[in-house]
Amino acid sequence: MAEKTLKKKKAPGWDKLTAEHIIYCGEYSKKLITWIINFVIHTERIPSYMKKGIMVSIPKSGKDKTIKGNNRGLTLMPVIYKILEKVLIKRESLWLHNPDVIDCIQS
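Calculation notes
- Residues numbered from 1 in each chain as written.
- Predicted model: local features only at pLDDT ≥ 70, side-chain atom pairs only at ≥ 80, totals over all residues.
- Heavy atoms only, no water.
- Helix = DSSP H or I, 4+ residues; strand = E, 2+ residues; numbered from the N terminus.
- Buried < 20%, exposed > 50% of the residue type's maximum accessible area, 1.4 Å probe, protein only.
- Contact = heavy atoms within 4.5 Å.
- Areas by Shrake-Rupley, 256 points an atom, 1.4 Å probe, with all protein chains shown as cover.
- Expected span 1.5 Å × (residues − 1).
- Arc of directions from axis to C-beta.

### Details of the overall build of the protein
In terms of regular secondary structure, the protein is built from 4 helices and 2 strands. Relative to its full complement of 107 residues, the protein shows a buried share of 23%. Counting contacts in the protein only where the partners sit at least 6 residues apart, residues at least 24 apart contribute 52% of the total. When the accessible area of the protein is evaluated, it comes to approximately 8500 Å², of which 59% is carbon and sulfur surface.

### Thoughts on helix H2 (residues 27-43)
For H2, which comprises 17 residues, the first-to-last C-alpha distance of 24 Å matches the rise-based estimate of 24 Å (1.5 Å per residue) to within 8%. Within H2, the full set of buried residues consists of Lys30, Ile33, Ile36, Ile37 and Val40. With its buried residues spanning 120 degrees around the axis, H2 presents them on a single face. In H2, the exposed positions that point more than 90 degrees away from the buried face belong to Glu27, Tyr28, Lys31, Trp35 and His42. Contact partners of the buried residues in H2: helix H1 (19-23), helix H3 (48-51) and helix H4 (79-96). Following H2 by one or two positions, Glu44 adopts a phi angle in the positive range, close to 60 degrees.

Written as structure tokens, this is what we have:
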């Protein structure tokens, strides 16, 4: 599963789940997450709870943090959404490297 590629010690999204929760959870929980990811891929619809993020303002170093323009926006997304992204990127990569995808006329 894609949980092995998740970065540890990162801030959680609105659901308060971290990569460590997913990495160290039991087999039943991993099967449930796999079912959710497969369901999303099969239905081609991402649930709204997966697309909801928390916007955090990160001040640029050496700048006045009270000025809005001196801050960077960072969105904390749910870890299950991150797993979905990793699965889709992996599938897309495998699909694009398939020699039958591009017709020889397009090469």
